[in-house]
Amino acid sequence: MGLLKFKVVAASGLKKADTFGKSDPYCVVFSGEARVGKTTVQKKTLEPEWNADFELIFEENEEGEINANSEALRFEIFDKDLIGAHDFLGMYELSGETLLEFVASKTGNSKTLPLLEKDGSKGQGSITLAFTSYAKDEQISKDASKDRKNAILMRIIRADDL
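What this report covers is the structure whose coordinates are included nearby.

The rules we used
- Residues numbered from 1 in each chain as written.
- Predicted model: local features only at pLDDT ≥ 70, side-chain atom pairs only at ≥ 80, totals over all residues.
- Heavy atoms only, no water.
- Helix = DSSP H or I, 4+ residues; strand = E, 2+ residues; numbered from the N terminus.
- Buried < 20%, exposed > 50% of the residue type's maximum accessible area, 1.4 Å probe, protein only.
- Contact = heavy atoms within 4.5 Å.
- Areas by Shrake-Rupley, 256 points an atom, 1.4 Å probe, with all protein chains shown as cover.
- Core = buried A, V, L, I, M, F, W, Y, C linked by side-chain atoms within 4.5 Å.
- Pairing = 2+ DSSP bridges.

For the rest of this paragraph, the subject is the overall build of the protein chain. Helix and strand counts for the protein chain come out as 2 helices and 8 strands. Listing each helix as α and each strand as β along the protein chain from the N terminus yields β-β-β-β-β-β-α-β-β-α. In the protein chain, which comprises 162 residues, the proportion classed as buried is 41%. The long-range share in the protein chain, meaning contacts at least 24 apart out of those at least 6 apart in sequence, stands at 60%. Of the roughly 10000 Å² that the protein chain leaves accessible, carbon and sulfur atoms contribute 49%.

Following this line, the structure appears as structure tokens:
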């Protein structure tokens, strides 16, 4: 198990989705199909700055590495509308080698990535992500004991008849 900490920094060059030429963008973060969280809505802008921190636990293989074939981080950007469905503005997915490269980044290293349409074709705009840290089991245990007096970190290997 490893704990990935990262930041959704900003987006730029987004599509105009509202009548008067701006959008009210926010970003939703997914791990596979599970929703990790979302940023705040930035009103009337095509250049939102979120600087939103996220944490995510990844399962690792027996060698202690993220299984890049089964893990993925997806970032979907929407325009918030008061009435009706929110408009899709673009997405980007970190998976396979791109996910491994991101996790191997230096602390504070940011990447600006091109947004895609839902069908994978080139979209409009980009998203900027920043790597904060990746800690394995042992480091997570040390950090938890430093930060919290009564913290317990358990790794359940097997559970039967629950």
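This brings us to the nonpolar core. One finds F6, V8, L73, F75, I77, L94 and I127 to be the most contacted residues of the largest nonpolar core, which totals 28 residues. Counting only elements with at least two residues in this core, the list comes to β1 (2-12), β2 (25-31), β4 (49-58), β5 (72-79), β6 (87-95), α1 (96-103), β7 (110-116) and β8 (122-136). Among the elements that make up this core, the one with the highest residue count is β4 (5 residues). Excluding residues that lie within four positions of it along the chain, V8 makes contacts with C27, V29, T39, W50, N51, A52, F54, F75, I127, T128 and L129. Membership of the second largest hydrophobic core comes to 6 residues, among which are Y26, V28, F78 and F88.

With that out of the way, let us pick up the pairing of β8. Looking at chain direction, β1 and β8 are connected through 10 bridges and run antiparallel. What sits directly across from G2, in β8, is K136. Sheet topology places β7 next to β8; 6 bridges connect them, and they run antiparallel. Considered in β8, the bridge of L113 is made with I127. Counted between consecutive antiparallel strands, the loop separating β7 from β8 contains 5 residues, among which G120 sits at a positive phi close to 90°.

The alternating pattern of β4 places W50, A52, F54, L56 and F58 on a buried face and E49, N51, D53, E55 and I57 on a face that is not buried. Bridge count between β1 and β4: 8 bridges; the pairing is antiparallel. Note that in β4 the partner of F6 across the bridge is F54.

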